[in-house]
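Summary of structural features
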Amino acid sequence: MKLNFTGSSDPGLIRSSNQDAYYIDPEGRFFIVADGMGGHAGGEQASRIATQEIQNFLVSHWDTTEPTAKLLEKALWQANQAIIQDQKHHPERADMGTTVVVVIFRSPDSPWCAHVGDSRLYRFRKSQLQLITEDHTWVARAIKLGDITENEARNHPYRHILSRCLGREDLHQVDVQELDVKLGDRLLLCSDGLTEELNNQSIADHLRNSPILEKASLALIEAAKAQGGHDNITIIMVSLEENASE
């Protein structure tokens, strides 16, 4: 089995800057999407710190005996501390933070995912889209408790309020989970600039209509912009394919 992958980021139609960041390991070992907040400079800095810290930590510890789940968790804690340290040195960025979602393929372990905030991971299998991560937001919790419906959440005034993000002293947990993946699956990592504009049904329709990763990624970004493009839009897509020799 081999991985095919692509990534793209677009500022959207409203924002003057792009506070999202993403990183694709050239060898396809791991993938990162981060969505910064805290003003123009702060958001860009927070997402950039997160992607760089996670990248550096994973690369430098790749060959250790540390289990992949623990390695991934430590990488996110490292990023959290790095953002906090930057805040202390730059008080003007004291309110900055970032969401993050990471997928890692590290043999012989199974693939794993970690996330904080509302950047998401989806799995597209046999034309069906499944959300793998659970948003760390006020509305996600309200839906879980039955206080509001998913339709109400899409336009709720509190829909952007995060219950967790990187860059906070009071961050007590990052979510790490083992992934169930099979040959033929496609994984979609994205910032909420995509999911704010497109519901899951619309995302699935675009993936069904675009089997080629690059075309699917661009189609999703253009569709989000066609719906208003109110936020930065970042996408990484990973396809699990047969090796040419198989």
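Residues numbered from 1 in each chain as written. Predicted model: local features only at pLDDT ≥ 70, side-chain atom pairs only at ≥ 80, totals over all residues. Heavy atoms only, no water.

1. Details of the environment of G228
In plain terms, the rule: Strands are runs of DSSP state E lasting at least two residues, helices are runs of H or I lasting at least four, and both sets are numbered from the N terminus onward. What makes two residues a contact is simply this: any of their non-hydrogen atoms within 4.5 Å.
As for its placement among the helices and strands, G228 is situated in the loop between α7 (213–226) and β10 (233–241). Sequence separation of G228 and G12 is 216 residues, and the distance between their C-alpha atoms is 8.1 Å. The contact partners of G228, leaving out residues within four places of it in the chain, are L13, I14 and E197.

2. Notes on the environment of A226
Here is the rule: Relative accessible area decides the class of each residue, using a 1.4 Å probe on protein chains only: under 20% of the type maximum gives buried, over 50% gives exposed, and in between gives partly exposed.
Here A226 is to be found in helix α7. Residue A226 is classed as exposed on the basis of its relative accessible area of 63%. Separated by 28 residues in sequence, A226 and L198 place their C-alpha atoms 9.9 Å apart.

3. Here we look at the packing of aromatic side chains
Each aromatic ring pair is summarised here by two numbers: the centre-to-centre distance and the angle between the ring planes. Inclusion rule: The criterion for an aromatic pair is that two Phe, Tyr or Trp rings (for Trp, the six-membered ring) have centres within 6.5 Å, with stacked assigned to planes under 30 degrees apart, edge-to-face to planes over 60 apart and tilted to the rest.
One pass over the full model with this rule turns up four aromatic pairs. With centroids separated by 5.3 Å and ring planes inclined at 65°, the aromatic side chains of F5 and F31 adopt a geometry described as edge-to-face. Here the residue F5 occupies a position in strand β1 (residues 2–10), and F31 occupies one in strand β3 (residues 30–37), the gap between them amounting to 26 residues. Residue classification places F5 among the partly exposed positions, given a relative accessible area of 24%. Measuring from centroid to centroid gives 6.3 Å for F31 and F105, while their planes differ by 90°, and the two rings are edge-to-face. One end of the pair, F31, is in strand β3; the other, F105, is in the loop between β4 (97–104) and β5 (112–116), with 74 residues separating them in the sequence.

4. Some thoughts on the pairing of β4
Applied cut-off: Here, a strand pair is defined by DSSP locating no fewer than two bridges between the strands.
A large share of β4 lies buried, amounting to eight of its eight residues. Neither face of β4 is left uncovered, since the one carrying G97, T99, V101 and V103 and the one carrying T98, V100, V102 and I104 both have all their residues buried. Where β3 lies against β4, eight bridges are found, and the strand directions are antiparallel. Bridging across to β4, I32 finds its partner in V102. With five bridges joining them, β4 and β5 adopt antiparallel strand pairing. From the neighbouring strand, I104 faces β5, where its bridge partner is W112.

5. Brief notes about the layout of surface pockets
Where we set the bar: Grid spacing is 1 Å over the protein atoms alone, the probe is 1.4 Å, and a cavity is where that probe fits but cannot get out, while a pocket is an open set with protein on both sides within 12 Å along at least five of seven lines and lining residues have an atom within 4 Å of a point. Grid points are joined across faces, edges and corners, and a volume is the space filled by probe spheres set on the points. All residues other than Ala, Val, Leu, Ile, Met, Phe, Trp, Tyr, Cys, Pro, Asp, Glu, Lys and Arg, Gly among them, are scored as polar; the first ten of these are nonpolar and the last four charged.
Estimated volume of the largest pocket: approximately 600 Å³. Taken together, 23 residues make up the lining of the largest pocket; nearest its centre are R120, D135, I143, E150 and A153. Considered class by class, the residues forming the lining of the largest pocket number six nonpolar, seven polar and 10 charged. Estimates place the volume of the second largest pocket at around 290 Å³. Lining the second largest pocket are 16 residues, with R15, D35, H160, D192 and D231 sitting closest to its centre. For the lining of the second largest pocket, the leading source of residues is β3, giving three residues. When grouped by side-chain class, the residues that make up the lining of the second largest pocket number two nonpolar, seven polar and seven charged.

6. Considering the pattern of salt bridges
Put simply, the rule is: By definition here, a salt bridge exists when the distance from a side-chain nitrogen of Lys or Arg to a carboxyl oxygen of Asp or Glu is within 4 Å.
The final tally for this structure, using the stated rule, is 16 salt bridges. Residues K74 and E66 are paired through a salt bridge, measuring 2.8 Å at the closest nitrogen-oxygen approach. The class for K74 is partly exposed, based on a relative accessible area of 35%. Classification of E66 by relative accessible area gives partly exposed; the value is 24%. For D175, the salt bridge goes to R164, with nearest N and O atoms at 2.9 Å. Of the two residues, D175 is situated in strand β8 (residues 175–178) and R164 in the loop between α4 (150–154) and β8; the sequence distance between them amounts to 11 residues. D175 gets classed as buried once you look at its relative accessible area, which sits at 19%. Each of R123, R125, D180 and D185 takes part in one network of salt bridges that share partners.

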